[in-house]
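Coordinates in review
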Amino acid sequence: MFKLKTLVVAMLSVGAAQAYAANDSDALVHQNGVSQQATIYQAGSRQNSDTTQLGTNNTVTVDQFGARHSVDGFQDGEGNNLTTKQQGGSRIFGGSSIRSSSVGNWHDVNVDQTGVGNSAQIDQTTWNNDAVVYQDGNGNGADVDQSGWNNKVTVNQDGYLNGATAAQDSTESGRAFIYQDGSFNQAATYQSGSHSRATIDQDGQTNLARADQTGVRSTSWIGQDGNLNIAATQQWGTDGNASIDQEGSVNIANAAQSGAMNTSYINQDGNANLATSSQGGASNTSNIDQDGDLNLAETSQHGTDGNASVVQNGDLNSATAEQLSAGNDAWITQTGNGNLATTGQWDDLNDAAIVQTGDLHEAVVSQWGARNEANVNQDGLGQMATV
């Protein structure tokens, strides 16, 4: 069997190298110094590139075309950059994969994979690193793990077996975006501490999504367009804000926030809906809006400025809003079919209104103590109310 091994070693303070290789080839690049550049082109099958960057502001570009490729990169030092592009391959003959590991500061890793068996794994440790992954179609994957300071992650996957996980650990400025287009989507980001922000946007089929954020300026948004949706965000503490938007199929959603300026919106459009939002202490707000099919909604807010609203339009509605103490306020509006509504609110400035128009109504409002007020208005058929 023909085996070509290309070795490029750059150890000058300024330098550039290029390596070209065909089938069954290995390319090794070692950079140790300042502002060095290396470019590797590989075409054919079973090609491997192994890159090591030590020093400062070094750049390696790897371009692979064909099947069964792999890139393995290691960065140490400061300001190094690894860019890889893989095209082609076949799931039968094996796909492409990329692994990258960084230690040190200000490193960038960019991965661009097109077609079949894709997979990427990036692991960055210490400060101010950045990673970008684009994958186009077939086996997708992607797993990014970052630690500390002004992190960023972007993953963008187009079609088929998607996946994706981006975890930022001892973060500071956080941020993570995952977009996936179609097929067996998943997606998850976990962030820990400081200026967080996470966005997941999935388009169609077996969706599932999750974003956990722990503490400080969190924000989170999950969107999902169609099929077997499920979504969740949990954010523990300070400025909060979470939003879930799911459009069609077997929706379920969950947003739980704890402590400080909470806010939460869930909006589901059609099919097997269910939604819950639970927020703990401080300036709460919650709004659940479900349009049609087997709805059910629940928000529970645990004190201070309150405010909760559930609007459901049609089918087997049900709703619950419970708030404990301080500003309360709650509105539930259901227009048609299975209705039933409950709010609670135990003390302080309460206020509640339930409006149900059409079909099997029932309503319960219970407020204890402080400045209650309640207003129930039910229109045609089942009616019944307890205040």
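Residues numbered from 1 in each chain as written. Predicted model: local features only at pLDDT ≥ 70, side-chain atom pairs only at ≥ 80, totals over all residues. Heavy atoms only, no water.

**Notes on the overall build of the protein chain**
Secondary structure assignment for the protein chain yields zero helices and 34 strands. Sequence-distant contacts, at least 24 apart, represent 10% of the contacts inside the protein chain between residues at least 6 apart. Approximately 15,400 Å² of the protein chain is accessible, and the part contributed by carbon and sulfur atoms is 52%. (Helix = DSSP H or I, 4+ residues; strand = E, 2+ residues; numbered from the N terminus. Contact = heavy atoms within 4.5 Å. Areas by Shrake-Rupley, 256 points an atom, 1.4 Å probe, with all protein chains shown as cover.)

**Examining the confidence of the model for the protein chain**
Model confidence for the protein chain is summarised by a mean pLDDT of 83, while 86% of its residues fall at 70 or above. Here strand E1 (residues 4-10) stands out as the least confident element of the protein chain, with mean pLDDT 32; strand E31 (residues 341-343) is the most confident, with 97. In this model residues 1-22 is a low-confidence stretch, pLDDT under 50, and it forms 59 contacts with partners more than four residues away in sequence or in other chains. Predicted confidence is poor over residues 90-94, with pLDDT under 50, and the contacts of this stretch with residues over four places away or in other chains come to eleven contacts. (pLDDT = per-residue confidence, 0-100.)

**Section: the nonpolar core**
By size, the foremost hydrophobic cluster in this structure holds 37 residues, and its most contacted members are Ile 122, Val 133, Val 144, Val 155, Ile 244 and Ile 266. In this view, Ile 244 contacts Ile 222, Ala 231, Ala 232, Thr 233, Ala 253, Asn 254, Ala 255, Tyr 265, Ile 266 and Asn 267; residues no more than four positions away in its chain are not counted. Residues Val 29, Ile 40, Val 71 and Leu 82 belong to the second largest nonpolar core, which totals seven residues. (Core = buried A, V, L, I, M, F, W, Y, C linked by side-chain atoms within 4.5 Å. Buried < 20%, exposed > 50% of the residue type's maximum accessible area, 1.4 Å probe, protein only.)

**Here's the deal with unusual backbone geometry**
Among all residues except glycine, the phi angle is most often negative; among peptide bonds, the trans geometry is most common. Phi is positive for Asn 227, close to 90°, though the residue is something other than glycine. Overall, the relative accessible area of 30% leaves Asn 227 in the partly exposed class. Even without glycine at this site, Met 384 takes up a positive phi of about 150°. Summarising the element assignment, Met 384 is placed in the segment after strand E34 (374-378). Met 384 sits in the exposed class, given a relative accessible area of 51%.

**Examining the pattern of salt bridges**
Enumeration according to the criterion identifies two salt bridges in this entry. Put simply, Asp 212 and Arg 210 hold a salt bridge, and the shortest N to O gap is 2.7 Å. One salt bridge in this structure joins Asp 239 and Arg 217, with 2.4 Å as the shortest N-O distance. One end of the pair, Asp 239, is in the loop between strand E21 (233-236) and strand E22 (242-248); the other, Arg 217, is in the loop between strand E19 (211-214) and strand E20 (220-226), with 22 residues separating them in the sequence. (Salt bridge = Lys/Arg side-chain N within 4 Å of Asp/Glu carboxyl O.)

**Some words on the packing of aromatic side chains**
One pass over the full model with this rule turns up one aromatic pair. Ring centres 4.2 Å apart and planes at 45° place the aromatic pair Trp 346 and Trp 368 in the tilted group. Taken together, the residues span a long stretch of sequence, with Trp 346 in the loop between E31 and strand E32 (352-356) and Trp 368 in the loop between strand E33 (363-365) and E34 at a distance of 22 residues. (Phe/Tyr/Trp six-rings, centres within 6.5 Å; stacked < 30°, edge-to-face > 60°.)

**Quick notes on the environment of Tyr 265**
Within the element layout of this structure, Tyr 265 appears in strand E24 (residues 264-270). With relative accessibility at 39%, the residue Tyr 265 sits in the partly exposed group. C-alpha of Tyr 265 to C-alpha of Ser 309: the two residues are 44 residues apart in sequence and 9.7 Å apart in space. Once residues lying within four places of it in the same chain are set aside, the contact partners of Tyr 265 are Asn 241, Ala 242, Ser 243, Ile 244 and Asn 287.

**Some details on a nonpolar patch on the surface**
On the surface, a cluster of nonpolar side chains totalling about 310 Å² of accessible area is made up of Tyr 160, Leu 161 and Phe 184. One can find Tyr 160 in strand E14 (residues 153-160). By relative accessible area, Tyr 160 is classed as partly exposed at 47%. (Patch = residues over 30% accessible without salt bridge, like charges linked within 9 Å, V, L, I, M, F, W, Y side chains within 5 Å.)

**Some points on the pairing of strand E10 (residues 108-114)**
Two faces belong to every sheet, and in a regular strand the side chains alternate between them. On E10, burial follows the alternation: Val 109, Val 111 and Gln 113 on one face are buried, whereas Asp 108, Asn 110, Asp 112 and Thr 114 on the facing-out side are not. Sheet topology note: the strand E8 (residues 81-87)/E10 ladder contains seven bridges and is parallel. Its bridge partner lying in E10, Leu 82 is registered against Val 109. Bridge count between E10 and strand E12 (residues 130-138): six bridges; the pairing is parallel. Bridge pairing in E12 places Val 109 opposite Ala 131. (Pairing = 2+ DSSP bridges.)

**Considering the pairing of strand E11 (residues 120-124)**
Here E11 shows a buried face lined by Ala 120, Ile 122 and Gln 124 and an unburied face lined by Gln 121 and Asp 123. Across four bridges, E11 lies against strand E13 (residues 143-146) in parallel orientation. Across the sheet, residue Gln 121 finds its bridge partner in E13, namely Asp 143.

**Concerning the environment of Gln 36**
Tracing the chain through its elements places Gln 36 in strand E4 (residues 36-45). Between the C-alpha atom of Gln 36 and that of Val 60, which follows or precedes it by 24 residues, the distance is 8.3 Å.

**Thoughts on the side chain of Asn 251**
Structurally, Asn 251 is set in the loop between E22 and strand E23 (253-258). One polar contact links Asn 251 to Asn 273, side chain to side chain, over a distance of 2.9 Å. Residues contacting Asn 251, with those up to four places away along its chain left out, are Asn 229, Gln 246, Gln 268, Gly 270, Asn 271, Ala 272, Asn 273 and Leu 274. (Polar contact = N/O pair within 3.5 Å; in protein donor to acceptor, adjacent residues only side chain to side chain.)

**So, a negative patch on the surface**
Among the surface-exposed residues, Asp 136, Asp 158, Asp 181, Asp 201, Asp 203, Asp 225, Glu 247, Asp 269, Asp 289 and Asp 291 lie close enough to one another that they form a single negatively charged patch. Only strand E18 (198-204) and strand E26 (287-292) provide two or more residues apiece to the negative patch. Mapped onto the elements of the fold, Asp 289 is located in strand E26. (Lys, Arg positive; Asp, Glu negative; His and termini not counted. Charge placed at Lys NZ, Arg CZ, Asp CG, Glu CD.)

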